[in-house]
Each structure stands twice: as structure tokens, then as C-alpha cells.
Amino acid sequence: MNKRDAGSRYETYAAVYLEERGYRILERNFRSRAGEIDLIGKDGMYLVFVEVKYRKNGQAGHPEESVDARKQGRIFRAAQNYLSWKKYPQDTPCRFDVLAVEGTEVRLIKNAFGGLA
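Here is a short report on the structure shown in this document. Note that the structure is a prediction, hence the values are computed from the model and not measured.

1. A look at the pairing of strand β1 (residues 24–32)
- Across seven bridges, β1 lies against strand β2 (residues 35–43) in antiparallel orientation. Across the sheet, Ser-32 pairs through a bridge with Gly-35, a residue of β2.
- Hairpin remark: β1 followed by β2, antiparallel, with two residues in the connecting loop.

So this is what it looks like as C-alpha cells:
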């Protein structure tokens, strides 16, 4: 399985995991010039932008550690593009979550980095 196939597989897994916890998935793999957002969903009143990261084990570090400031900036700018494209009001409450899969362990980190509203 190549990296793209593995990424798609874990994004599907993440979508199901989130739906089982009450999220409603609106978009998968949203792309703009600014970057890509793996999953976009609703969790209560929040519009949530989710970055999915997978690592086979912790040997190369925990998956969530790879969502560094540069990656956060790309996700943030892509989220701004999404909000504009979909014509969401400026005061839409947003959140950035990271879903980390390490082996068989899953960690959902809500509000992993700064929000928009």
C-alpha cells in the first residue's frame, strides 16, 4: 500500500471514528491554493477542521507532533478559503482538531491549535 492509499484509508477510519462520536462530516480532502484539510465537520456548534495523522509506531515521533506551526498555518489559510468559498458568516465558531493514529491507539485532540472565531 502506498502513502496515498494509506492516507485515504486512515482518513476514512477517522471519519467513521468522528461520526461515532457525534461529528457530522461535511467534506473530505478539501483543497485550495493554501493547502488541504483532511476532514471538515460539525461538532455541536463548531465547524471543525480535522488533520488526520498516522504513524505505525512512535519510533519517528508521535503523529500529532508533525502538525507543526508551518502545517498549522497552511490548514488555517485553507480553512479561511473554505469559509469564504462556502459563504460562512465571519462569526462562525471554528475549531482545529487533530486525530492521531499510532498503531492501534487513537487520540482525538480537540482545539489542537488556534481558532478562527
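Let's pick the thread back up.
2. Some thoughts on the environment of Leu-39
- Counting through the fold element by element, Leu-39 comes out in strand β2.
- The spacing of Leu-39 and Leu-18 is 21 residues in sequence and 9.8 Å in space, taken between C-alpha atoms.
- Not counting chain neighbours up to four residues away, the residues in contact with Leu-39 comprise Glu-11, Ala-14, Ala-15, Leu-18, Ile-25, Glu-27, Arg-28, Val-48, Phe-49, Val-50 and Val-52.

3. Regarding the nonpolar core
- Grouped together as the largest cluster of nonpolar side chains are 16 residues, with contacts concentrated most on Ile-37, Ile-40, Leu-47 and Phe-49.
- Secondary-structure elements contributing two or more residues to this core are β2, β3 (46–55), α2 (69–85) and β4 (94–102).
- Among the elements that make up this core, the one with the highest residue count is α2 (five residues).
- Beyond its immediate sequence surroundings of up to four residues, Ile-40 is in contact with Arg-24, Ile-25, Leu-26, Glu-27, Phe-30, Leu-47, Val-48, Phe-49 and Tyr-82.
- By size, the runner-up hydrophobic cluster in this structure holds 14 residues, among which are Tyr-10, Ala-14, Tyr-23 and Leu-39.

4. Looking at α2
- Helix length check: α2, at 17 residues, gives a terminal C-alpha distance of 24 Å against a target of 24 Å (1.5 Å per residue), a fit within 8%.
- Listed in full, the buried residues belonging to α2 are Lys-71, Gly-73, Ile-75, Ala-78, Ala-79, Tyr-82 and Leu-83.
- Lys-87, located one to two residues past α2, shows a positive phi value of around 60°.

5. Looking at the packing of aromatic side chains
- Applying the stated criterion across every chain yields a total of 10 aromatic pairs.
- Between the aromatic rings of Phe-49 and Phe-96, the centroid separation amounts to 5.4 Å while the plane-to-plane angle is 25°, which identifies the pairing as stacked. A residue pair is termed long-range when its members are at least 10 positions apart, and Phe-49 in strand β3 and Phe-96 in strand β4 qualify at 47 residues. Here Phe-49 and Phe-96 have matching classes, each one buried.
- Taken together through their ring pairs, the aromatic side chains of Phe-30, Phe-49, Phe-76, Tyr-82, Trp-85, Tyr-88, Phe-96 and Phe-113 make up a single cluster.

Reading the values: rules and limits
- Residues numbered from 1 in each chain as written.
- Predicted model: local features only at pLDDT ≥ 70, side-chain atom pairs only at ≥ 80, totals over all residues.
- Heavy atoms only, no water.
- Pairing = 2+ DSSP bridges.
- Helix = DSSP H or I, 4+ residues; strand = E, 2+ residues; numbered from the N terminus.
- Contact = heavy atoms within 4.5 Å.
- Core = buried A, V, L, I, M, F, W, Y, C linked by side-chain atoms within 4.5 Å.
- Buried < 20%, exposed > 50% of the residue type's maximum accessible area, 1.4 Å probe, protein only.
- Expected span 1.5 Å × (residues − 1).
- Phe/Tyr/Trp six-rings, centres within 6.5 Å; stacked < 30°, edge-to-face > 60°.

Taken by themselves, the reported measurements are silent on function.
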